[in-house]
Amino acid sequence: MNTKIADYKVIAHGSVFLLTAQNEAASLNLEDFYQDSNFNKNGGLIMLPEFLNDWIDHFQNNWVVSTE
């Protein structure tokens, strides 16, 4: 069992995936560094399926990402 608390959670949403911040630091990271990216109305970073693994790898370098 993973005891680390996730900074981000990946959620399937229709034909895309959303990366949603799970704490304030993660939320500020999205706001500060990814403002030119596409977000849904709830603040989730929209990720296309063909780039999902690249996004997860990118964020897992410095953050805990839950894909469950």
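About the thresholds
- Residues numbered from 1 in each chain as written.
- Predicted model: local features only at pLDDT ≥ 70, side-chain atom pairs only at ≥ 80, totals over all residues.
- Heavy atoms only, no water.
- Pairing = 2+ DSSP bridges.
- Helix = DSSP H or I, 4+ residues; strand = E, 2+ residues; numbered from the N terminus.
- Contact = heavy atoms within 4.5 Å.
- Axes fitted to C-alpha atoms, helices over the stretch in contact; angles between N-to-C directions.
- Core = buried A, V, L, I, M, F, W, Y, C linked by side-chain atoms within 4.5 Å.
- Buried < 20%, exposed > 50% of the residue type's maximum accessible area, 1.4 Å probe, protein only.
- Phe/Tyr/Trp six-rings, centres within 6.5 Å; stacked < 30°, edge-to-face > 60°.

A. Just the sheet that holds strand E3 (residues 45-47), in detail. Strand order in this open sheet of 4 strands is E3-E2-E1-E4, and the pairing throughout is mixed. Looking at the sheet topology across the chains shown, the edges are occupied by E3 and strand E4 (65-66). Looking at chain direction, strand E1 (residues 8-13) and E4 are connected through 2 bridges and run parallel. Bridging across to E4, Tyr-8 finds its partner in Val-65. In the packing of helix H1 (residues 24-33) onto the sheet, contacts are made with E1, strand E2 (16-21) and E3, and the angle to E2 comes to roughly 120°.

B. Seen up close, the nonpolar core. In terms of nonpolar packing, the biggest core is built from 12 residues, these being Tyr-8, Val-10, Leu-19, Ala-26, Leu-30, Tyr-34, Leu-45, Met-47, Leu-52, Ile-56, Phe-59 and Val-65. Elements with a minimum of two residues in this core: E1, H1, E3 and helix H2 (52-60). At 3 residues, the largest contribution of residues to this core is made by H2. With residues near it in sequence (within four places) discarded, Phe-59 still touches Tyr-8, Leu-19, Asn-29, Leu-30, Tyr-34, Leu-45 and Val-65.

C. Highlighting the packing of aromatic side chains. Evaluation of the coordinates by the stated rule reveals 5 aromatic pairs. Summarising the aromatic geometry, the rings of Tyr-8 and Phe-59 are spaced 5.0 Å apart at their centres and angled 65° between planes, so their arrangement reads as edge-to-face. In this pair, Tyr-8 is assigned in strand E1 and Phe-59 in helix H2, connecting sequence segments 51 residues apart. In terms of burial, Tyr-8 and Phe-59 fall into one category: buried. Between Tyr-8 and Trp-63, the aromatic rings sit 5.4 Å apart at their centres with planes inclined by 75°, giving edge-to-face as the arrangement. In this pair, Tyr-8 is assigned in strand E1 and Trp-63 in the loop between H2 and E4, connecting sequence segments 55 residues apart. Taking the relative accessible area as the measure of exposure, Trp-63 reaches 22% and is therefore partly exposed. Members of the aromatic cluster, each reached through a chain of ring pairs, are Tyr-8, Tyr-34, Trp-55, Phe-59 and Trp-63.

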